Structures are given as structure tokens and as C-alpha cells.
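Structure assessment
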Amino acid sequence: MVALARSPRIQPKTDETSAFEADVLAGLHATPKRLPPKYFYDGVGSQLFERITDLPEYYPTRCEMRILRDHGRDIARLVPQGATLVEFGSGSSKKARILLRALPPLAAYVPVDICGEMIEQEALELRPDFPGLKVLPVTADITQQFTLPQEALAAPVRIGFFPGSTIGNFEPHEAAAFLRNAARILGAGATLIVGADLVKPVDVLHAAYNDAAGVTAKFNLNLLVRINRELSGTFKLDTFEHHAFYNRERHRIEMHLASLKRQKVKVAGETIDFRAGETIHTENSYKYSVDSLGALARGAGWQPAGGWTDERNYFSIQAFALAKPQTTPRAGG
Ligand code: AVJ
């Protein structure tokens, strides 16, 4: 068979598309195949995720919003007036809205998200609802280095907000690296408020990632739609299937896309072979306990400063304070 010529690109490659291409090709050439979950969140993917948060089976968002409503005042005690709130992976800012209502007047709110489309839109909707508040969106990949706007750096202290159990998408060592990076970005005196999904009965977890309406399946498959569109991919969507299950040993939900048959797929001019039943591992969603997250945070230089859960203990919000920098004792003083 003669290989088809690579279809010409209309737009020149930007840094973003070439990072996407490099990550996708590396992941599809790896054994086992994998794709980074951050690429779920293009415009369509971000909208599908918003639909997931409304599903009857998907408890995390509702649990977390309940905790924020019930304990907003307690959480607010950790936030001094004039601080800047930096939200990592803000998406729709739904949770920040609840928190912002409980907080004292702030210097600024800085939502940081990989989906620029989403946060620019949200900033427009947030401003009229919080007239005194400066909303300074930053489009960035939170797993990479990024700089805060000048006004955020000028505030006496920065409060990090990392809700949604996004931390669960990271491998434990990546989560630790994220926490260290957050400490660097937020600086001295910072507090970090983290939302983490908790270990719970398997049937509850399973249902949350295998919803009856098939929205999670669509969200997972949208990654292939995105590859087809942005990287001249030839994935046939009806030949891949959504698989999600709880891995008890590793305390994580795994999402995969399984090839229903043996086939070849082209991506950015390269050929990828699939065996029948072979999967692409698209996401891990780690489930923590209050203690396991606390231990991880301590290892990254943060001290536990408060914690709240819902009545079923499905979800937790935990606060951490940056440990005071250690003065290194010098020999001979
Ligand atoms: C946004 C990472 C918290 O792990 O539950 C939802 C993403 N994946 N359904 C999660 C997701 C499938 C979600 N996080």
C-alpha cells in the first residue's frame, strides 16, 4: 500500500501545537500507549467536562461545592485581606465563586488554566458579579513554570487554590513536584487550599467514571477527535471504546481507550499499530486519604493547616501553610 501524503497544515506550528504533537507521538509510540490527560481540555473537551460535573453519578464537584459552602468561613480565616487568590486549573471558576463570596476583600483573583478560551470567557462573566475584584486570567499549563501578573506579585501574600481533585491526575511524584512548584510561585507566607477526592467504595467510583449517559466516554474519545483535527489523525471513533476501572492497588481510576480491532492509524504522518484490544491509557485519577495527601504535602514543604470533608467522606478540602524557610546553620557561624 502506498502511504498517503501528509495533509498540508494550514497554520504554522506554534509552540503549543508542536508540544501537543511531540507528546502525542511519544505517547503513542510508547509501550503501553498513553496520552497526557491535560490534552482533554480543548474547547469541546472543557465543555464536556462541565457536563460531567452535572452528571448524577459524578459526585466530586457537588461534594466539593458543598464543603466550600458549609466551611467557607473557616477557610476564609486562613486568607488575610488584600491577598491575591491564584487558582490552578480554574476551568469554569464555579468553586472560586463560592470561595470568593466568603473571603475578605482581595487584591486580585488570578485564574490559571490551559484552556484560554474558557478562562477569558469566565473572566468576562465574573467581573460584573464581583465589581471590586481585579480578575487577571493567565493561560498556562500548570505543570510548567509560569509567572504571575505584576499586580499579583505586588500583593503582600498569595493564596493558592487547587480544587477539583486535579491533583489526582498527577502521579504521586508529579503531585509532589507540583506542590513544590506552587510553593515557589506563591512565595513566603503562602497558603494552599487543595481539593482531593477520597478513597471510597468501588461501585461509587466506577459509576462516576462510567455514567449512563455516556458523557465520560465522549470526553475520553474527544481526545482522538482533537488528534484527528489538529495532528491530521485518522482515528476511526467507532473502532475505539471507553474503558474506566478502579485500580485498588494504586488507589486510582484508570481511563483507557481500547482499540476494538487490529488496525493502523496515522498521526502527524507517522503510523501507529494497534493490536485488537490494545489500549491507550488516557488518565489516572488518584484517590487520596487525608493522611496520604498530608504526607505528600509535608514532603513538599507544606504544613497541614486545616481540613474539611463532606458528611459521606467522599471528598476533602485541605489547607497547607508554607513552612518557614529553614536558615541553614553555617559551620563556624
Ligand atoms: C478533573 C481530573 C478531577 O479525575 O475526576 C472526570 C477528570 N475524568 N471524568 C477526575 C475526569 C473523567 C477529573 N478531574
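To keep things clear, this report deals only with the structure shown in the data block.

Quick notes on the rules
Residues numbered from 1 in each chain as written. Predicted model: local features only at pLDDT ≥ 70, side-chain atom pairs only at ≥ 80, totals over all residues. Heavy atoms only, no water. Helix = DSSP H or I, 4+ residues; strand = E, 2+ residues; numbered from the N terminus. Rg over C-alpha atoms; globule rule 2.2 N^0.38 Å. Buried < 20%, exposed > 50% of the residue type's maximum accessible area, 1.4 Å probe, protein only. Near = heavy atom within 4 Å. Polar contact = N/O pair within 3.5 Å; in protein donor to acceptor, adjacent residues only side chain to side chain. Areas by Shrake-Rupley, 256 points an atom, 1.4 Å probe, with all protein chains shown as cover. Nonpolar A, V, L, I, M, F, W, Y, C, P; charged D, E, K, R; others polar. Salt bridge = Lys/Arg side-chain N within 4 Å of Asp/Glu carboxyl O. Axes fitted to C-alpha atoms, helices over the stretch in contact; angles between N-to-C directions. Parallel < 35°, antiparallel > 145°, perpendicular 65-115°, else oblique. Left-handed = near helix turned anticlockwise from the far one by under 90°. Contact = heavy atoms within 4.5 Å. Expected span 1.5 Å × (residues − 1). Arc of directions from axis to C-beta. Pairing = 2+ DSSP bridges. Core = buried A, V, L, I, M, F, W, Y, C linked by side-chain atoms within 4.5 Å.

Focus on the overall build of the chain
Assigned secondary structure in the chain consists of ten helices and 13 strands. Against the globule reference of 20 Å for 333 residues, the chain gives a C-alpha radius of gyration of 21 Å, in line with a compact fold. The principal-axis extent of the C-alpha atoms belonging to the chain is close to 70 × 55 × 45 Å. Burial analysis of the chain (333 residues in total) assigns 52% to the buried set.

Description of the site of the ligand
Near the ligand there are 13 residues, and of these Y58, G164, Y209, E283 and S285 occur at the shortest range. Taking Y58, its side chain carries an N or O atom lying 2.5 Å from an oxygen atom of the ligand. Contact with the protein chains hides 97% of the accessible area of the ligand, taken as 350 Å² for the molecule alone. Contributions of two or more residues to the shell around the ligand are made by α2 (43-53), α9 (215-230) and β11 (279-286). For the shell around the ligand, the per-class residue count stands at seven nonpolar, five polar and one charged.

Structural notes on the pattern of salt bridges
Under the definition given, this model contains 16 salt bridges. The partner of E64 in a salt bridge is K95, with the nearest N and O atoms 3.2 Å apart. Remark: K95 occurs in helix α4 (residues 94-102) and E64 occurs in helix α3 (residues 59-76); sequence separation between them is 31 residues. For the pair E64 and K95, one class covers both residues: buried. Here the salt bridges share partners, and the residues they tie into one network are D42, R226, R229 and E230.

Focus on the packing of helix α7 (residues 172-186) against helix α10 (residues 290-299)
In the contact formed by α7 and α10, the axes pass within 8 Å of each other and the chain directions differ by 55°. As summarised for this structure, α7 and α10 are arranged oblique, according to the angle between their axes. Remark: the crossing between α7 and α10 carries right-handed chirality. For the pair formed by α7 and α10, the contact residues are P172, A175, A176, L179 and R180 on the first element and L296, A297 and G299 on the second. Taken together, the residues that form the contact of α7 with α10 break down as six nonpolar, one polar and one charged.

Thoughts on helix α1 (residues 15-29)
Here α1 spans 21 Å end to end across 15 residues, near enough to the 21 Å set by a 1.5 Å rise per residue. Burial in α1 covers these residues: F20, E21, V24, L25, G27 and L28. In a view along the axis of α1, the buried residues occupy a sector of 165°, so they form one face of it. Each element contacted by the buried residues of α1 is listed here: β1 (33-34), α9, β9 (263-267), β10 (270-274) and β11.

Let's talk about the sheet that holds strand β2 (residues 84-88)
Here we have seven strands laid out as an open sheet, ordered β4-β3-β2-β5-β6-β13-β12, and mixed in their pairing. Unpaired on one side and paired on the other, β4 (138-139) and β12 (302-309) mark the two borders of the sheet.

Looking at the nonpolar core
Core analysis: the largest hydrophobic core is formed by 66 residues, its most contacted members being L85, L100, I227, F235, F240, V267 and I280. When residues in this core are grouped by element, the largest group, seven residues, is from α3. Apart from the residues lying within four places of it in its own chain, the contact partners of F240 are L221, L224, F235, L257, A258, S259, L260, Q263, V265, F274 and I280.

As for the pairing of β11
For β11, the buried fraction is high: seven of the eight residues fall into the buried class. Pairing between β1 and β11: two bridges, direction parallel. Paired with R34 across the strands is H281, a residue of β11. As judged from the seven bridges shared by strand β8 (residues 252-259) and β11, these two strands associate in the antiparallel manner. Within the sheet, the bridge partner assigned to E254 lies in β11 and is N284.

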